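# Fold and contact review
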Number of protein chains: 2
Amino acid sequence: MSQPINIAVIGATSNVGEALVELLEEREFPVQDLHLLASSESAGQSLSFRGRQVRVRSLDAFDFAQVQLAFFAAGAEVTRTCRERVLAAGCSLIDLSAALSLDQAPCVLPERGAEGLPALTRPWCVSAPTPSAVACALVLATLKPVLQPQRLQVTAMLSISTLGRSGVQELARQTAELLNGRPLESKTVDRQIAFNLLAQVGAVDDQGHAQLEVRLAAELQQLLGLPALPVAATCALVPVFFGDSLAVGVQSGADIDVLAVQQLLEAEQGIELVEAGDYPTAVGDAVGQDQVYVGRVRRGVSDPRQLNLWIASDNVRKGAALNAVQIAELLIKHYL
Amino acid sequence: MSQPINIAVIGATSNVGEALVELLEEREFPVQDLHLLASSESAGQSLSFRGRQVRVRSLDAFDFAQVQLAFFAAGAEVTRTCRERVLAAGCSLIDLSAALSLDQAPCVLPERGAEGLPALTRPWCVSAPTPSAVACALVLATLKPVLQPQRLQVTAMLSISTLGRSGVQELARQTAELLNGRPLESKTVDRQIAFNLLAQVGAVDDQGHAQLEVRLAAELQQLLGLPALPVAATCALVPVFFGDSLAVGVQSGADIDVLAVQQLLEAEQGIELVEAGDYPTAVGDAVGQDQVYVGRVRRGVSDPRQLNLWIASDNVRKGAALNAVQIAELLIKHYL
Ligand SMILES: NC(=O)c1ccc[n+]([C@@H]2O[C@H](COP(=O)([O-])OP(=O)(O)OC[C@H]3O[C@@H](n4cnc5c(N)ncnc54)[C@H](OP(=O)(O)O)[C@@H]3O)[C@@H](O)[C@H]2O)c1
Ligand SMILES: NC(=O)c1ccc[n+]([C@@H]2O[C@H](COP(=O)([O-])OP(=O)(O)OC[C@H]3O[C@@H](n4cnc5c(N)ncnc54)[C@H](OP(=O)(O)O)[C@@H]3O)[C@@H](O)[C@H]2O)c1
């Protein structure tokens, strides 16, 4: 067990922040002092950690010299604003907001262990991958022995909690409005999300890609160690509160050996393989779980070189918080 | 205008059946007598057609010698049971239930006109393709001049009305149960569909494919005239009442010319292209419309040979009823 260290969680009042605090306790992470930070509006709230209440304080006045490691889960702008101040204070940083370029802050797949670690010097700065990249990379890294991916296509059907607490509230409110025949109000998203699918998350670049899609592709390439892998990604929002669903297609150079694929998935601790015939769902299986659920393992209907999978994963727990804590566990062993 | 003929609609009390009757009137289809048929349980109900009420009668005692054309929208078993009796009576048949093999009953893409018609002799028997095939084939046939598809990957996010009226009721009931904190009952589907995604529609074969996925692939190959096109398809159910959403990836032999793609889509009457930046949704755009909506036209994030599209289409209206009527309009001109 490593030496206990002082930790800060920024965005402690978010769903991801709360899950981080829960997991630091659950996994007996070597925490000495825990500092919970958010905007000045939340100052005064508190969260339970190891049987006592820890107050949430304002990020503004916080001195990062007090802590060795900070988890950033307060949106991209907060990370970008704070990054230099944090590193200058000698504090290492794990960013969950996809704010930093992958050159500045490489991303890490904790299940690959030390093998996949970038070369870092203290204080280091890494990115926790986005939830879809976490789920997809874990599955594909597991399959590396039998699969030489030539192309990758991901349709990520993201739960509305991707947009944070206000997204969750929006889906609940819109659904109630529709069921009660009241006029529909759109606030967090600009159209009806209740009983509807939104084909796009946020604005798109001049190529038509949303930032999340570009990031997902880049993270997958880095996490799999395949920088030239052609990736096509579609990220859509679905009327689900928590839990992402991914339809993944991998083009291989040779016919897919489905049995070998199943055996590898079966053997990986972080993956729960659902038997053929049955299938996993985000809400029924993945939410609240540490594992990434995989099902519908099969070739293309008329394409023996295509592997198709359905992945369900808890975007807040495994996709964000647990994965960040796993990254921290790995990094403090090697670099702190 | 063709000579008016006598028509039967089987499954007249279904959503698809009702839409068929509406469209026969709207499009001034040359109907002489209209016979509405369903199970004996519905006998006595009626639908409005050209200003008068037409009674729904039981299919059991119906004599198909009275009609020249029958639309079958009452489930696969009804079509299979009736097919011989219908043809023996000299009545032609358009099946909407995917009950018949594509050899027995080829499928037709009406927008391709006479060019795409199979050779038929009276009384003929054709399949109306499944709604995802209708939408996808129309788009890809339109793009044929600039796209030589080498592989196709479709993630079809199907609305619950795919399961008929009982599916629609199930989603409404489950949603109300969850919002009101009542225990959840699953009837039509075997798990929670409200605020959840189901990765599979119906049972799967020993390769892991659902029947709908196998059918979709075969129909696309036939409709596009590309019998060897490798197709990978995933059909999932989403908590949306009406309107399907498809994420489609087409692998091409050369870099995609996005501008040329947009121009062709823009020019096709049956397609509504949504400009870059914006995107279509099933509920906000497609439902109630005759057009198939297309948006998010772009290459793969890091794959210039991949064309990605988001398609939204009304599964009951355009996907089933309108398309079947368009097929009928084309066929009676040529073969009746
Ligand atoms: N939701 C997911 O699926 C997911 C997955 C992976 C990563 N993430 C990342 O995790 C973070 C939180 O996500 P969420 O979805 O849970 O978001 P959220 O509900 O919108 O929460 C935002 C958090 O950031 C804090 N915050 C906002 N502005 C701040 C400021 N100026 N200074 C300090 N704190 C500030 C908020 O504190 P107040 O309560 O004081 O406003 C709150 O704790 C984001 O960076 C997001 O990119 C989310
Ligand atoms: N929903 C879609 O998106 C969609 C799209 C394309 C094609 N289709 C096809 O369209 C058809 C109807 O679909 P739906 O989703 O609207 O289904 P649905 O709501 O389940 O309706 C089924 C229809 O079939 C009738 N029927 C059932 N058993 C019968 C029997 N033994 N004899 C005569 N009629 C019988 C029912 O009549 P009663 O009212 O008397 O029970 C009802 O009219 C199906 O074949 C389906 O495959 C549906």
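As the structure is a prediction and not an experimental result, all values here were calculated from the model. (Residues numbered from 1 in each chain as written. Chains lettered and ligands numbered in written order. Predicted model: local features only at pLDDT ≥ 70, side-chain atom pairs only at ≥ 80, totals over all residues. Heavy atoms only, no water.)

## As for helix α6 (residues 258-267) of chain A
All names here are of chain A. Convention followed: Buried means the residue's accessible area, taken with a 1.4 Å probe over protein chains only, is under 20% of the maximum for its type, while exposed means over 50%, and partly exposed covers the values in between. Numbered from the N terminus, helices here are DSSP runs of H or I no shorter than four residues, and strands are runs of E no shorter than two. The arc under discussion is defined with respect to the helix axis, by the directions toward the C-beta atoms.
If you check which residues of α6 are buried, you get A260, V261 and L265. Viewed along the axis of α6, the buried residues span an arc of 135°, placing them on a single side of the element. Exposed and facing more than 90 degrees away from the buried side of α6 are L259, Q263, E266 and A267.

## Side note on the relation of the copies chain B and chain A
How we decide: What sets the superposition is a least-squares fit of C-alpha atoms, and only residues with pLDDT of at least 70 in both copies go into it. Note on contacts: a residue pair qualifies if any of its non-hydrogen atoms lie within 4.5 Å across the two residues.
Overlaying chain B with chain A gives an RMSD of 0.0 Å, the required rotation being 180° about an axis along which the chain moves by 0.0 Å. With respect to symmetry, the two chain copies, as superposed, fit the operation of a two-fold axis. Taken as a fraction of all interface residues of chain B, those also at the interface in chain A reach 100%, which identifies the copy contact as same-surface.

## Comments concerning the sheet that holds strand β2 (residues 31-38) of chain B
Residue and element names in this part refer to chain B. Inclusion rule: Two strands make a pair as long as DSSP finds a minimum of two bridges between them. Between N-to-C directions, angles cover 0 to 180 degrees, with each direction set by a line fitted to C-alpha atoms, over the stretch in contact for helices.
Reading across the sheet, the 7 strands line up as β3-β4-β2-β1-β5-β6-β7 and stay open at both edges, with mixed pairing between neighbours. Since the sheet does not close on itself, it has two edges, and those belong to β3 (46-49) and β7 (125-127), each with one partner. Strand-to-strand twist in this sheet, taken as the mean axis angle between neighbours without regard to direction, amounts to 25°. Of the pairings in the sheet, the one linking strand β5 (residues 69-72) to strand β6 (residues 92-95) comprises 4 bridges and is parallel in character. Across the sheet, residue A70 finds its bridge partner in β6, namely L93. Across the face of the sheet, helix α8 (residues 317-335) comes into contact with β1 (5-10), β5, β6 and β7 while running at roughly 160° to β5.

## Quick word on the interface of chain B and chain A
Keep this limit in mind: We define buried area as the total accessible area lost by two parts upon association, computed with a 1.4 Å probe and summed across both. The rule for a salt bridge is simple: a side-chain nitrogen of Lys or Arg has to be within 4 Å of a carboxyl oxygen of Asp or Glu. Amino acids outside the nonpolar list (Ala, Val, Leu, Ile, Met, Phe, Trp, Tyr, Cys, Pro) and the charged list (Asp, Glu, Lys, Arg) are all regarded as polar, and Gly is one of them.
On the side of chain A, 62 residues touch chain B, which itself brings 62 residues to the contact. Carbon and sulfur atoms supply 55% of the area buried between chain B and chain A, which totals about 5100 Å² over both sides. By the criterion of area lost to chain A, the three top residues of chain B are F195, L197 and V301 of chain B, representing 14% of everything that side buries. Here chain B and chain A share 8 salt bridges between them. With a shortest N-O distance of 2.9 Å, R191 of chain B and D278 of chain A are connected by a salt bridge. Contributing elements (two or more residues each) for the side of chain B that touches chain A: β8 (149-158), α4 (165-179), α5 (211-224), β9 (231-237), β10 (244-252), α7 (282-286), β12 (292-300) and β13 (303-313) of chain B. Per element, the largest residue contribution to the side of chain B that touches chain A is 6 residues, and it comes from β9 of chain B. Its residues placed into classes, the side of chain B that touches chain A shows 31 nonpolar, 21 polar and 10 charged.

## Brief notes about the pattern of salt bridges
Residues and elements named next belong to chain A. Under the definition given, this model contains 32 salt bridges over all chains. Here R305 makes a salt bridge to D255, at a shortest N to O gap of 3.8 Å. One end of the pair, R305, is in strand β13 (residues 303-313); the other, D255, is in the loop between β10 (244-252) and α6, with 50 residues separating them in the sequence. Looking at R305, the relative accessible area reads 36%, which means it is partly exposed. What you see here is one network of salt bridges that share partners, running through E22, E26, D290 and R317.

## Comments concerning the site of ligand 2
Residue and element names in this part refer to chain B. Filter applied, for reference: Think of it this way: one heavy atom of a residue within 4 Å of a molecule or strand is enough to make that residue near it. As used in this structure description, the phrase polar contact means that two N or O atoms lie within 3.5 Å; if the pair is within protein, one of them must be able to donate a hydrogen and the other to accept it, and residues adjacent in sequence are counted only when both atoms belong to side chains. To measure how exposed things are, a 1.4 Å probe is used in the Shrake-Rupley method; for residues, cover is taken only from the protein chains shown. Put plainly, a pocket is an open set of points on a 1 Å grid over the protein atoms alone with protein on both sides within 12 Å along at least five of seven lines, a cavity is a set where a 1.4 Å probe fits but cannot get out, and a lining residue has an atom within 4 Å of a point. Put plainly, a molecule is in a cavity or pocket when over half of its atoms are within 2 Å of the grid points there. As annotated, the domain borders come from an automatic or database domain assignment.
Neighbouring ligand 2 are 23 residues; T13, S39, S42, G75 and S161 lie closest to it. In the environment of ligand 2, an oxygen atom lies 3.4 Å from a nitrogen or oxygen atom belonging to the backbone of N15. Here S39 contributes a side-chain N or O atom positioned 2.6 Å from an oxygen atom of ligand 2. Protein contacts shield 73% of the accessible area of ligand 2, which totals 900 Å² for the unbound molecule. The cavity where ligand 2 resides is the largest pocket. Residue classes in the shell around ligand 2 are distributed as 10 nonpolar, 12 polar and 1 charged. Counting contributing residues, the shell around ligand 2 receives three or more from each of domain 1 (5-130 + 320-335) and domain 2 (134-315).

## Looking at empty space enclosed by the protein
The test is simple: Grid points are joined across faces, edges and corners, and a volume is the space filled by probe spheres set on the points.
Taken as a whole, this structure holds 4 cavities of 30 Å³ or more when the rule is applied. Approximately 110 Å³ is the volume attributed to the largest cavity. Lining the largest cavity are 14 residues, and of these Q153 and Q251 of chain A together with Q153, Q251 and Q306 of chain B lie nearest its centre. Among the secondary structure elements, those contributing two or more residues to the lining of the largest cavity are β8 (149-158) and β10 of chain A together with β8, β10 and β13 of chain B. Considered class by class, the residues forming the lining of the largest cavity number 3 nonpolar, 8 polar and 3 charged. What the second largest cavity holds in volume is close to 50 Å³.

## Concerning the UniProt feature "domain: Semialdehyde dehydrogenase NAD-binding" (unreviewed entry) in chain A
For clarity, the threshold we go by: UniProt positions are given in the numbering used here, feature names are shortened, and annotations may be inferred rather than shown by experiment.
Here, UniProt's "domain: Semialdehyde dehydrogenase NAD-binding" (unreviewed entry) annotation points to residues 6-120 of chain A. With 22% helix and 28% strand, residues 6-120 of chain A has its two end C-alpha atoms placed 20 Å apart.

## Let's talk about the environment of S186 of chain B
All names here are of chain B. Tracing the backbone through its elements, the reader meets S186 in the loop between α4 and α5. Remark: the alpha-carbon pair of S186 and A70, spanning 116 residues in sequence, is separated by 35 Å. Discounting residues that sit within four places of it in the chain, S186 has contacts with E170, R173, Q174, R191 and Q192. From its side chain, S186 meets the backbone oxygen of R191 in a polar contact 3.5 Å long.

## Focus on the confidence of the model for chain A
Defined as follows: A score from 0 to 100, pLDDT tells how confident the predictor is in each residue.
Per-residue pLDDT for chain A averages 96, and the proportion of residues at 70 or more is 100%. The complex prediction reports pTM at 0.97, with the ipTM value standing at 0.96.

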